Amino acid sequence: MGFLRYISLAIAGVTLCVAQNNGAKPNIVLIFTDDQDLHLGSVDHMPILQKELIEKGTQFTNHYATVALCCPSRASLLRGQAAHNTNVTHVDAPGGNYQKFMVSEENEDYLPHWLVSAGYNAEYLGKFMNGYTRATYMNAPKGWTYTDLLNGQTPIHYKGFHQLDVIRTKALDRIDHLSAENKPFYLTIAPSTPHIEADSLLPTPQTRHKGSAQGLQVSRDGNWNPSDESQAQKPSWLKELASIGPLIADSIDAHYRARIAVLQGVDEIIQDVVDRLDKHGILDNTYIIYTSDNGYHLGNHRVAAGKSLPYREDTNMPLIIRGPQVKAGATSDAPSAHYDFPPTFLDIAGVKSADLPPFLDGQSRLSNWHNPQTALPTCPFNGTQEVINVEFWGGAGIESLLQEKPYNIGNNSYKTLRIAGAEKGYLYSKWCTNEEELYDTTADPYELQNLAKDPKDESIKQLLNRLNALLLATKSCADATCRNPWKLLQPEEGRWGIIVDDDTSLTIRCLDQAMDPKYDAHFNDTTIFPRVAFQECMEYQYIDNEGPYLPKDPGLGMKYRKPTDNYYDPSVKIAAPVIRNLVDQGGPEQRNVTLAQIMEMSVVLTQAQMGLAG
């Protein structure tokens, strides 16, 4: 395969780069939570995060997941690609999971391989991807110098201890080990918090934090349980949802309190990681990145709990960074996405742009980490300073046992783009039901007034034509066109649908320029820019179902991975339930428990206990 040949070439190039840079390279620690919101206020209730990272680092308010779902978001982060290029589009087959990541051989060529080639130790601790379970633990992810992937279903039962205490003590042990290696390191610390537990059970905090969120209530402002008039403007299954009644509202508040309480254990991880890095004298030379795989909603747009929607609650996550040359107490509005992390990390590692993997859809954001843009830039500018691509395949999930599920909840596939402009912002979506959404996110930040529902205003019609053309480009973009989709949309005859390499020669470089009436005929021409459409609502990505495309023959990442069309899940089905502690753990006496104490109580599971025997 082409990408296997690329690996050897890239390693040679990176090794040369490392040899020429003998300075003390910064370490990188990624603290990566699961389903943490930005817009419900969870960050506000984490005092250590506020003190150690926000006050001493920079917040990035416009950071997005390109898929609001755990596994595809994690695959995009690790691979540096949009989900339509990884083809890992869901948490289960046929959309994908860890097994699909292996079948595609993308685990042969992703972040840890690149960092190790750049001279780093690369370690991962905690939840990796959905599908890495008791049935597949023997097929560990490739490339890492060390992994300890809990995923809540490991062959070890940590008897008598809460998962957050296990992860915290293990993280400190790895920092001790890595700091003694005299080598730069990358470490992901990924608790499965504040994700719900099995069967939509609320997350369980450590007992020392139970009751810490007593009396809190999720905000009823904005798009929480909107009116019938507003909800009727939503597409697909969303417009069928009934208003949230008192019983469900109470359950939402209980869920919110459980999320806030369990995140206090993550706050302790932050404190101890900072202290341990400081103890070893490497804190000032370490980037600490705090983010989540996707956001979360509780009652927003009448959905009691969950993610999987294109709206801000689900796609816009916390991103806080502390580290070398990162300003303290600063805020940046510059947009970025998860697939920007790999090129940024490689930039930190000293890898030259010419030696980067050729399929990366993102770009390094290190310059903005060092010099944060406090306001959105004005037009003209690089395309990704304005455009964020968001997509989804398959059914939605309502993570509530009380809310009735609509019959058509499976119709949740969509293509979306978000315009993050200085003076105007928009969210535009085309659903698999072929319904459209358009929100002016500057005037309507809660995304309630669907301007595409019945567009009578001529200016709205012209805006929809521009956004359709842009979505046509972003929904199958690759590398350069993901970083700047305007490369495909130039008005001169013969330039549309053809990638323009020289950015300085672009006539149109942003939406504001594209809205000039002299381009009406160009963007109204459906022979050039046919309407984005689906043939039907499917559970996974299928080329023929999602045409037309721009360019007409989309690569969808297949040049750099094995085909995964008609993928099925080859994993062994697990018969036995997960072994759990019979009573909740994590009392005050375990706040400073040692790894030796935890391991003394741990139990290695038998094949029968893992549900794999016979």
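For the structure, check the block above.
Residues numbered from 1 in each chain as written. Predicted model: local features only at pLDDT ≥ 70, side-chain atom pairs only at ≥ 80, totals over all residues. Heavy atoms only, no water.

S.K.: Give me the overall build of the chain: which residues, what numbers.
M.R.: Per the secondary structure count, the chain includes 17 helices and 16 strands. For 614 residues, the compact-globule estimate of 2.2 N^0.38 gives 25 Å, and the chain sits close to it at 23 Å. Reported as C-alpha extents along the three principal axes, the dimensions of the chain are approximately 70 × 65 × 55 Å. Across the 614 residues that make up the chain, the buried fraction comes to 61%. (Helix = DSSP H or I, 4+ residues; strand = E, 2+ residues; numbered from the N terminus. Rg over C-alpha atoms; globule rule 2.2 N^0.38 Å. Buried < 20%, exposed > 50% of the residue type's maximum accessible area, 1.4 Å probe, protein only.)

S.K.: Outline helix α7 (residues 163–179), supporting the account with residue identities and numerical values.
M.R.: Spanning 17 residues, α7 covers 24 Å between terminal C-alpha atoms, matching the ideal 24 Å at 1.5 Å per step. The element α7 is largely enclosed, with a buried count of 12 among its 17 residues. The secondary structure elements touched by the buried residues of α7 are β4 (121–126), β5 (146–148), β7 (185–190), α9 (246–279) and α17 (595–601). (Expected span 1.5 Å × (residues − 1). Contact = heavy atoms within 4.5 Å.)

S.K.: Provide a residue-level description of helix α2 (residues 47–54), including the pertinent values.
M.R.: Residues I48, L49, E52, L53 and I54 constitute the buried set of α2. Here the buried residues of α2 occupy an arc of 160° about the axis, which is enough to place them on one side. Contacts made by the buried residues of α2 are with β2 (58–60), α9, β8 (286–292) and β9 (319–322). (Arc of directions from axis to C-beta.)

S.K.: So what's going on with the pattern of salt bridges? Which residues, and what values?
M.R.: Opposite charge on two side chains makes pairing possible when the charged atoms of those side chains draw close. Going through the model one piece at a time under the given rule, you end up with 35 salt bridges. As a salt-bridge pair, K210 and D584 come within 2.2 Å of each other at their nearest N and O atoms. Residue K210 is found in the loop between β7 and α8 (228–231), and its partner D584 is found in the loop between α16 (520–524) and α17; the two are separated by 374 residues along the sequence. The class of K210 is partly exposed, set by a relative accessible area of 44%. (Salt bridge = Lys/Arg side-chain N within 4 Å of Asp/Glu carboxyl O.)

S.K.: Mind laying out the packing of aromatic side chains, listing which residues take part and the relevant values?
M.R.: The description of an aromatic ring pair uses the distance of the two centres, along with the angle that the planes make with each other. Here the structure, examined in full by the defined rule, presents 16 aromatic pairs. Taken together, a centroid distance of 4.9 Å and an interplanar angle of 45° make the contact between Y414 and W431 tilted. Of this pair, Y414 sits in strand β13 (residues 414–420) while W431 sits in strand β14 (residues 425–431), and the two are 17 residues apart along the sequence. Each of the two residues, Y414 as well as W431, counts as buried. Three or more aromatic residues joined by ring pairs make a cluster, and in this case those are Y98, F101, Y110, Y124, F128, Y132, W144, Y186, F341 and F345. Just above the ring of W224 sits the side chain of R220; from NZ or CZ to the centre is 4.4 Å. Taking NZ or CZ as reference, K475 lies 3.9 Å from the ring centre of Y549, over its face. (Phe/Tyr/Trp six-rings, centres within 6.5 Å; stacked < 30°, edge-to-face > 60°. Lys NZ or Arg CZ within 6 Å of the ring centre and 35° of its normal.)

S.K.: Outline the nonpolar core, supporting the account with residue identities and numerical values.
M.R.: Among soluble globular proteins, nonpolar side chains are generally buried collectively. Among the nonpolar cores identified, the biggest contains 64 residues, and L115, F128, Y186, W237, I289, F345 and W369 are the most heavily contacted of them. Not counting residues up to four positions away in its chain, the partners in contact with Y186 are I28, L30, L111, L115, Y120, N121, A122, E123, W144 and F345. Membership of the second largest hydrophobic core comes to 36 residues, among which are M46, A171, L187 and I189. (Core = buried A, V, L, I, M, F, W, Y, C linked by side-chain atoms within 4.5 Å.)

S.K.: Which residues make up the packing of α2 against α9, and what values go with them?
M.R.: Between α2 and α9, the least distance of the axes is 8 Å, while the angle of their chain directions is 30°. Our pair here, α2 against α9, has a crossing hand that is left-handed. Two secondary-structure elements touch here, α2 through P47, I48, L49, E52 and L53 and α9 through Q264, D267, E268, I270, Q271 and V274. Along the lines of polarity and charge, the residues of the contact of α2 with α9 split into 6 nonpolar, 2 polar and 3 charged. (Axes fitted to C-alpha atoms, helices over the stretch in contact; angles between N-to-C directions. Left-handed = near helix turned anticlockwise from the far one by under 90°. Nonpolar A, V, L, I, M, F, W, Y, C, P; charged D, E, K, R; others polar.)

S.K.: So what's going on with the sheet that holds strand β10 (residues 330–332)? Which residues, and what values?
M.R.: As summarised here, the arrangement of the 8 strands in space is β5-β4-β7-β1-β8-β9-β2-β10, forming an open sheet in which the pairing is mixed. Because the sheet does not close on itself, it has two edges, and the strands there are β5 and β10. Adjacent strand axes in the sheet meet at a mean angle of 15° when their direction is disregarded. As judged from the 3 bridges shared by β2 and β10, these two strands associate in the parallel manner. (Pairing = 2+ DSSP bridges.)

S.K.: Quick one: what's the story with the environment of G329, residue by residue and with numbers?
M.R.: Residue position: G329 is located in the loop between β9 and β10. A sequence separation of 273 residues divides G329 from K56, and the C-alpha atoms of the two residues are 5.7 Å apart. Those residues within four positions of G329 in sequence are excluded, and the remaining contacts are I54, E55, K56 and G57.

S.K.: Lay out a nonpolar patch on the surface in plain terms, naming residues and giving numbers.
M.R.: A contiguous nonpolar patch, built from L201, L247, L401 and L402 and spanning about 430 Å² of accessible area, is present on the exposed surface. Tracing the chain through its elements places L401 in the loop between β12 (387–392) and β13. Given the relative accessible area of 64%, L401 is considered exposed. (Patch = residues over 30% accessible without salt bridge, like charges linked within 9 Å, V, L, I, M, F, W, Y side chains within 5 Å. Areas by Shrake-Rupley, 256 points an atom, 1.4 Å probe, with all protein chains shown as cover.)

S.K.: Please give an account of the sheet that holds β12 that cites residues and values.
M.R.: Pairing in this open sheet of 4 strands is antiparallel, and the strands run β12-β13-β14-β15 from one edge to the other. Strand pairing shows two members of the sheet lacking a second neighbour, β12 and β15 (436–440), which therefore form its edges. The mean inter-strand angle of the sheet, taken between neighbouring strand axes irrespective of direction, is 10°. The pairing of β12 with β13 spans 6 bridges and is antiparallel. Considered in β13, the bridge of I388 is made with R418. Strands in contact with helix α13 (residues 458–474) are β12, β13, β14 and β15; relative to β13, the strand with the most contacts, it is inclined by about 115°.

S.K.: I'd like a rundown of the state of the cysteines, residues and numbers included.
M.R.: One pass over the structure, following the stated rule, counts 2 disulfides. One disulfide in the model links C432 with C537; its S-S distance is 2.0 Å. Looking along the S-S bond of the C432-C537 disulfide, the torsion reads about 90°, which is the right-handed sense. Taken as a pair, C432 in the loop between β14 and β15 and C537 in the loop between α16 and α17 lie far apart in primary sequence, 105 residues in all. Using a relative accessible area of 4% as the deciding quantity, one classes C432 as buried. Taking the relative accessible area as the measure of exposure, C537 reaches 26% and is therefore partly exposed. The disulfide partner of C477 is C482, and the gap between their sulfur atoms is 2.0 Å. Because the torsion about its S-S bond is 90°, the bridge between C477 and C482 counts as right-handed. Just as C477 is buried, C482 falls in that class too. In this structure C70 is a free cysteine whose sulfur lies 8.3 Å from that of C71, the closest cysteine sulfur available. (Disulfide = S-S within 2.5 Å.)

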